[in-house]
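Understanding the architecture of this molecule
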Amino acid sequence: MDNKYIFGTEENIEFLRDNSKRLLDFGRRFPSPGGGSYYLGDNGTPWKDRPIETWITCRMAHVYSIGHMMGDPGSRVLAEAAVKGLLDELYDGDNGGWFAGKNPDGSILPTKQCYAHAFVILAASSAWLAGINGAEKLLDMATLTYDRYFWDDKTGLSVDTWNTEFTELDDYRGLNANMHTVEAFLAVADAMDIMMGPGSGQVYRIRAGRIINHVVGWANENEYRLPEHFSSDWKPDYDKNIDKPDDPFKPYGATPGHGIEWARLITQWCLASKRVEHLDNACALYDRAIKDAWNADGAEGIVYTTDWEGKPVVHDRMHWTLAEAINTSAVLYRVTRDERYARDYSNFMKYLDEVVLDHTTGSWFHQLDEKNQLKETVWPGKSDLYHAFQAMLIPYSRPELSIAAAVQDGTINE
C-alpha cells in the first residue's frame, strides 16, 4: 500500500497537511454580508438561495479559528466574520438563543435547537482560543443559554428542541444533539483550562461523562448499535422515521457513523478525565459499527444506517462517516497500539483519496450511492468543512484534547 495511506509515515502526514490547506482554500467564500455562512456548492460557490443556518456558521467559525491558529493568513478575517454573524444576524435579541437560521428573504427558520446551540459553544471555544474578536462574549452567551434551556441536570442529558420563543419544549429527545453536546462540553472544558487555569472547565467535563454513562448503558443493551431517538422520558423509539429512513438528522435505525464518533469522544473523555473504565466500550462501539457498515454491500464505503440486526437500510455513503472513521481508527490505534486499527486507517485513507476526495473542484463528495456514484438527495453540494477538515488534523493530535486545544498546543502533524 502507498506510504501516504499508512499511519505514522511522513507521506501520510504530508497528505493530511496538504489537504487541510486545500479545504481552507475551498471554503473561503462562505460569509454572507452579515457574517453568517452560506451553504457551499460543489465548487465552493455560495448557494444564496438556501437559508443561512446557525450550525453551518458555527462550523465555519470553528474551522477558520483553527486555520488562524495554524498560521493560515486569511483565516482570521473569516473566523471574525462568522463570529459576527453569530453575535448579530443569527442571534435572537428578543427571546435569547440562536435562530435555527434565516431564509434569503430575512425570515427566520423556526425553533431553537440543542444541536445548533452545542455548535455555538464549540465555535466560541475555538474562536476564544484563537483570539478572535467577540469570541469570549459569544461563549458567555452560549453557555448561559445552553445551561438555562438545554441542559437537564436531573437526568444528566440534554433536551432537544424548543419553539422559537423558548416557551414550549418538544417531547422528542435525541442522541445526536447529545453527542455534539459532549464534543462542545469537552471543547469548552479544554478552552477554560487553558485560558483560565487548570480545572476551570471541570464542570463541563463532568457533564460530558454523565451523558457518556447513559450512552454506554444503551450501547450495552443493544449490542453496541445505539438508539438515536427517544421520548421525553428517555425511552428509545426504535421505529422513528421507519417511513423516512434517510432523514439527514433523524434517520431510522442505527447510524454506524455515530457509533464511530461516540467511540472517539468517549476515548477523549476517558483520557482527559484519567478514567479508563469506558475504553473497552469505545472499542466495542467502533468495532460494531465497522463490522456492520464498512464494505457491507459489496462495495467500499460505510453505509448510512442499519436495522437493529446490523443489516444495511440506507446504503448511501455520507462523507462525514468516513471522516469519523479516519479520526477514530487513528485515535484507537494510538491508544491501544492494536494493528487492526492502523490497517483500518490505511483502508480509509485509500478510499478517501481514490473515491471521496474531489480532486477536480475541491473538498469531499458529501453523498455517494452504494456504487460510489455521486448522489445529492440528502446532502447536495458541499455544505461546510467541519468533518473533512477535522479528519486532516485529529489523527495526529493529542487524543485527550479537543481539536482546537490540540492545535493551540502546537503538536498537530509533527
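Look above for the structure.
The structure reproduced in this document is the subject of the present report. Note that the structure is predicted; figures quoted are calculated from it, not measured.

Overview of the overall build of the chain
- From N to C terminus, the chain includes 13 helices and 15 strands.
- Scaling as 2.2 N^0.38, a compact globule of 414 residues should have a C-alpha radius of gyration of about 22 Å, and the chain matches this with 20 Å.
- For the chain, the spread of C-alpha atoms along the three principal axes comes to 55 × 50 × 45 Å.
- By sequence separation, contacts in the chain at least 24 residues apart represent 65% of the contacts at least 6 residues apart.
- For the chain, the computed accessible surface area is about 15300 Å², with 48% contributed by carbon and sulfur atoms.
- For the chain, the separation between the mean place of its 41 positive charges and that of its 62 negative charges on side chains is 2 Å.

What to know about the pattern of salt bridges
- This model, assessed by the stated rule, comprises 27 salt bridges.
- Residue Arg 225 is joined to Glu 223 by a salt bridge in which the shortest nitrogen-to-oxygen separation is 3.3 Å.
- On the basis of relative accessibility, which here comes to 5%, the residue Arg 225 falls in the buried class.
- Look at the salt bridges and you will find they share partners, linking Glu 223, Arg 225, Arg 288 and Asp 292 into a network.

A word on the packing of helix H4 (residues 114-130) against helix H6 (residues 175-196)
- The N-to-C vectors of H4 and H6 enclose an angle of 20 degrees; their axes lie 8 Å apart at closest approach. When the axes of H4 and H6 are compared, the pair comes out roughly parallel. Considering the relative orientation of H4 and H6, their crossing is left-handed.
- Taken together, the residues of the contact of H4 with H6 break down into 18 nonpolar, four polar and one charged.

Points about helix H10 (residues 319-336)
- The terminal C-alpha atoms of H10, which comprises 18 residues, lie 26 Å apart, in line with the 26 Å expected from a rise of 1.5 Å per residue.
- Trailing H10 by a residue or two, Arg 337 shows a phi angle of about 60 degrees, which is positive.

Some words on the side chain of Glu 183
- Its place among the elements puts Glu 183 in helix H6.
- One buried charged residue, Glu 183, forms no salt bridge at all, with the nearest opposite charge on Arg 264 at 4.7 Å.
- Residues contacting Glu 183, with those up to four places away along its chain left out, are Phe 119, Leu 122, Leu 265, Tyr 386 and Gln 390.

Description of helix H9 (residues 279-293)
- With 15 residues, H9 extends 21 Å between its outermost C-alpha atoms, agreeing within 8% with the 21 Å of an ideal straight helix rising 1.5 Å per residue.
- Among the residues of H9, those classed as buried are Leu 279, Asn 281, Ala 282, Cys 283, Leu 285, Tyr 286, Ala 289, Ile 290, Asp 292 and Ala 293.
- Turning to H9, the residues buried within the fold contact helix H7 (202-221), helix H8 (256-273), strand E12 (305-306), H10 and helix H11 (339-356).
- Looking one or two places after H9, you find Asn 295, whose phi comes out positive at around 55 degrees.

Focus: the environment of Leu 109
- Among the secondary structure elements, Leu 109 is positioned in strand E5 (residues 108-109).
- For Leu 109, a relative accessible area of 19% corresponds to the buried category.
- Here the alpha-carbon distance between Leu 109 and Thr 164, two residues 55 residues apart in the chain, equals 8.7 Å.
- Contacts of Leu 109, omitting those with residues within four sequence positions, involve Pro 51, Glu 53, Ala 100, Gly 101, Lys 102 and Asn 103.

Re the packing of aromatic side chains
- Enumeration over the complete set of coordinates arrives at 26 aromatic pairs.
- On the basis of an interplanar angle of 40 degrees and a centroid distance of 5.5 Å, the ring pair of Tyr 146 and Phe 150 is categorised as tilted.
- With relative accessibility at 1%, the residue Tyr 146 sits in the buried group.
- Classification of Phe 150 as buried rests on a relative accessible area of 0%.
- The interplanar angle of 70 degrees and the centroid separation of 6.0 Å between the aromatic rings of Trp 162 and Phe 166 together place this pair among those described as edge-to-face. The two residues Trp 162 and Phe 166 agree in class, both being buried.
- Each residue in the set Tyr 146, Tyr 149, Phe 150, Trp 151, Trp 162, Phe 166, Phe 185 and Tyr 204 is aromatic and connected to the rest through ring pairs, giving one cluster.
- Across from the ring centre of Tyr 172, 4.0 Å away, lies the NZ or CZ of Lys 250, which sits over that ring.

About the thresholds
Residues numbered from 1 in each chain as written. Predicted model: local features only at pLDDT ≥ 70, side-chain atom pairs only at ≥ 80, totals over all residues. Heavy atoms only, no water. Helix = DSSP H or I, 4+ residues; strand = E, 2+ residues; numbered from the N terminus. Rg over C-alpha atoms; globule rule 2.2 N^0.38 Å. Contact = heavy atoms within 4.5 Å. Areas by Shrake-Rupley, 256 points an atom, 1.4 Å probe, with all protein chains shown as cover. Lys, Arg positive; Asp, Glu negative; His and termini not counted. Charge placed at Lys NZ, Arg CZ, Asp CG, Glu CD. Salt bridge = Lys/Arg side-chain N within 4 Å of Asp/Glu carboxyl O. Buried < 20%, exposed > 50% of the residue type's maximum accessible area, 1.4 Å probe, protein only. Axes fitted to C-alpha atoms, helices over the stretch in contact; angles between N-to-C directions. Parallel < 35°, antiparallel > 145°, perpendicular 65-115°, else oblique. Left-handed = near helix turned anticlockwise from the far one by under 90°. Nonpolar A, V, L, I, M, F, W, Y, C, P; charged D, E, K, R; others polar. Expected span 1.5 Å × (residues − 1). Phe/Tyr/Trp six-rings, centres within 6.5 Å; stacked < 30°, edge-to-face > 60°. Lys NZ or Arg CZ within 6 Å of the ring centre and 35° of its normal.

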